[in-house]
Amino acid sequence: MFEPVSSSFKRRHFLLGSAAVAGALVVGWCFLPPRQRLEADVPLPGREGDIALNGWVMVGTDNQVSVMLAKNELGQGIMTALAVLVAEEIDVPLSMVRVVAAPMDKIYGDATMLSDGLPFHPEDQSAMRHLGHWLSRKLGRELGVIATGGSSSVRDSWLPMREAGAEARARLMNAAAHRWGVPASECETAGGKVRHPRGLVATYGDLAADAAAMGSPGFQLKPAASFRLIGKEIPRLDVPAKSNGSARFGMDIRPKGLVYAAILMCPVFGGRLLSVDTTQASEQPGVLKVVKLSQDRSGAPDALAVVAGSWWTAQSALGLLSPEWDEGENAASSTQSLMEQLSHAVVHGSGLVLHSVGDTLGEEDLPLAVHAEYSAPYLPHLTMEPLNCTAQLLDGRLRLWIPTQVPSIAVSTAARVAGVSEDQVDLHPTYVGTGFGRRLETDIVAQAVALALEMPGVPVQLVWRREDDLAHDFYRPASVARLTAVLGTEHRIKSLQIKSASAAPIQQLLHRAFGVPAVGPDKTAAEGLFDHPYEIPNQEIAHVIVDVPVPVGAWRSVGHSHHAFFKESFIDEMAHAARADPVEFRRDLLSSHPRHLAVLNSAVERAGKAPAGSAHGVALHECFGSIVAQVAEVGIQEGRLRVHKVVCAIDCGTVVNPDIVRQQMESGVAFGLSAALYGELKIANGRVVQKNFHDTPILRFDEMPEVEVIIIDSEASPGGVGEPGTPPIAPAVANALFRLTGKRLRSLPLRLKD
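Residues numbered from 1 in each chain as written. Predicted model: local features only at pLDDT ≥ 70, side-chain atom pairs only at ≥ 80, totals over all residues. Heavy atoms only, no water.

The next thing to look at is the nonpolar core. Soluble globular proteins tend to bury their nonpolar side chains together. If you look at the biggest cluster of nonpolar residues, it comprises 74 residues, and the most contacted ones within it are Phe 570 and Val 733. Not counting the four nearest positions on each side in its chain, Val 733 is found in contact with Ala 632, Val 634, Leu 641, Val 643, Leu 673 and Leu 750. The next biggest cluster of nonpolar side chains, apart from the first, holds 59 residues, and it includes Ala 87, Ala 208, Ala 241 and Val 656. (Core = buried A, V, L, I, M, F, W, Y, C linked by side-chain atoms within 4.5 Å. Buried < 20%, exposed > 50% of the residue type's maximum accessible area, 1.4 Å probe, protein only. Contact = heavy atoms within 4.5 Å.)

Right, here's the structure in full:
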């Protein structure tokens, strides 16, 4: 019989008891083994005749092997790299592999990005760090967030996808052995067949049904010496479809009855819609509906949308609206005021110390102290494929077509906005026309779903203009850093102090995606500064999180993108103050870091001596599990800075496909150089000034330098390659410019004349 709690029961007793229960549950969870990543709870999306051997692999009666792809192809080659992991272990050529978008299941969630976000120094070997990483990876498995970002695709999939291939191969061998009455250890596999020395042969397709019916066997991963595919240059799987036009991007989706939507959003950050007369726009031929959209947690602002039979009709009708906006308190914000706020914070703000060794107090006033202040501006993503999302609410189910980096978050956002369960959302991911972090956001998903609710049964495709994206992006945060170094005997660095200030991109992203409070440390706000490898006995690196009205998010290489510029430029400044060669100066600071030294030496030796009239600049940076050194050859032609060549050396651990690594290094150089020379978002009156590519220049073909990539042989676990090529290029160019002109540029973009 239920009895009420006595009135003498105190609230604090309840809270303490609840905390104890919660604590016991957490402790109990910690002792449970990590969630498995081999068997899915949902059916795999196969063809007729396909038989699932585990959550990653299906084998068809036609002997084709289908591999579940839980990462989205953004142009980075991940479709090929991940398919190779399974093909290697199951022993088939890549020509026999069919790649299929994975369904929504926790085994496909990324367990690496959460661990990467912990603010531990890479050389911290404390029990707390090891426990933190173990628990975060375990939690990542529980959360099961399917995402492509943080250069984690190969790092996160390296074991589960290889294990899936190896387990499937063991199943097939056992099935053949059982059929033939021989020991499985006597069987061999190759080319999609199991063979026995007695001349017995069976195809995978013939064995798949028996293999699926048997229990999961023990299995072993191949040793590196047996690799036939991993480490080899294999043509990319996505290239043929992208070359012949059959690849389907989000903009290519054309479900039956499709209508189109264009959007007009409040131009000021945080502004609200006061009123609008929709009569004239609603009466235009072809216009189906004018819809008011409210702010959403995903970051979508107040907006007006027109739904019509064609996108141009919808966009034209928007021009007939004259909304009245409440621009709010952010209407006076400008680039100057925002940078002044950051500069004030870096001097007076109370920063969180992320790394501290030794003692640096009082040394900044010594004669051999070097002081500098560096800054970097806000940057947009400028993805090539315009933001788009197609949604349809039909028969109680929500269908969603979107190029996204976060399928599971897109599903949860869509379900929240539509008021349905996530099981009622059918996601159809497409190829992604570049992401760079912008497609980690789901603001356009919230808008498209809201429009689909207004048009029941009808698929609605919302497409943003370039102007919309520039004005309503989640930008790379602007940042300011003050750096002080003290040179001791023999002009070696005795101490280093760094204090930086910016908004917190991942803190904001997590709030938009999951509704968690935007509090606590954000590693990405200081990464690249506190986690550097240089051997300096006394250090203190801190960061101040500054609340500014400009929404920020992940941008290719996140904090590393600008902090590498601060750190590597300042290392050169210290070398100059010590009257030392910048390369030798770095070598002296890396005596206990052989991998870093090998990368640095490889790049410098390959670059050789700069041609007459040019200068070399060097930068070394580690991020996402990879170490990159770049030597930029820079000259000045007709008063303009010109980067002629970049030698780029990388140690990214075990290499899956060398050609993809080279492509990503070349891409990273192009992307980073574009930002270094031109990238700058301008803000006035609380709104973005730039409109399109005509006033947001990027690197042109004739400005692209020759890029020579050196891949260092390594037996370490795979590192990331999508982002590590971007951070070093800006400081390498800036350091070359100093050698060429004697002028130290401490702010981005790099300009010879202010």
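Among the structural elements, Ala 164 can be located in helix H5 (residues 153–180). For Ala 164, a relative accessible area of 0% puts it in the buried group. Here the alpha-carbon distance between Ala 164 and Ala 485, two residues 321 residues apart in the chain, equals 50 Å. In this structure, Ala 164 is in contact with Leu 38, Asn 54, Trp 56 and Val 57, ignoring residues within four places of it in sequence. (Helix = DSSP H or I, 4+ residues; strand = E, 2+ residues; numbered from the N terminus.)

On to empty space enclosed by the protein, then. Within the structure shown, the criterion is met by 3 cavities of 30 Å³ or more. The calculated volume of the largest cavity comes to roughly 80 Å³. Taken together, 14 residues make up the lining of the largest cavity; nearest its centre are Arg 476, Ser 561, Gly 672, Ala 675 and Ala 676. If you tally residues by element for the lining of the largest cavity, the top one is helix H18 (residues 658–678), at 3 residues. Split into classes, the residues belonging to the lining of the largest cavity amount to 9 nonpolar, 4 polar and 1 charged. The calculated volume of the second largest cavity comes to roughly 70 Å³. Contributing to the lining of the second largest cavity are Leu 387, Asn 388, Ile 402, Pro 403, Thr 404, Arg 438, Arg 439, Glu 441, Asp 443 and Ile 444. (1 Å grid on protein atoms, 1.4 Å probe; cavity = no way out; pocket = protein on both sides within 12 Å on 5 of 7 lines; lining within 4 Å. Points joined across faces, edges and corners; volume = space filled by probe spheres on them. Nonpolar A, V, L, I, M, F, W, Y, C, P; charged D, E, K, R; others polar.)

For any pair of aromatic rings, the description consists of the separation of the ring centres together with the inter-plane angle of the planes. Here the structure, examined in full by the defined rule, presents 9 aromatic pairs. The structure contains a cluster of three or more aromatic residues connected by ring pairs, namely Tyr 374, Phe 565 and Phe 566. Geometry around Trp 158 places Arg 162 over its ring, the cationic atom sitting 4.6 Å from the centre. One Lys or Arg, Arg 744, reaches over the ring of Phe 738 and ends 4.4 Å from the middle of that ring. (Phe/Tyr/Trp six-rings, centres within 6.5 Å; stacked < 30°, edge-to-face > 60°. Lys NZ or Arg CZ within 6 Å of the ring centre and 35° of its normal.)

Turning our attention to the sheet that holds strand S4 (residues 97–101). Judged by pairing direction, the sheet is mixed, and its 4 strands sit side by side in the order S1-S2-S3-S4 without closing on themselves. What marks the edges here is a single partner per strand, and that holds for strand S1 (50–52) and S4. Each strand of the sheet is rotated relative to its neighbour by a mean of 30 degrees, with strand direction disregarded. In the sheet, S1 pairs with strand S2 (residues 57–60) via 3 bridges, with the strands oriented antiparallel. Bridging across to S2, Ala 52 finds its partner in Met 58. (Pairing = 2+ DSSP bridges. Axes fitted to C-alpha atoms, helices over the stretch in contact; angles between N-to-C directions.)

All we've got here are geometric facts, nothing functional implied.
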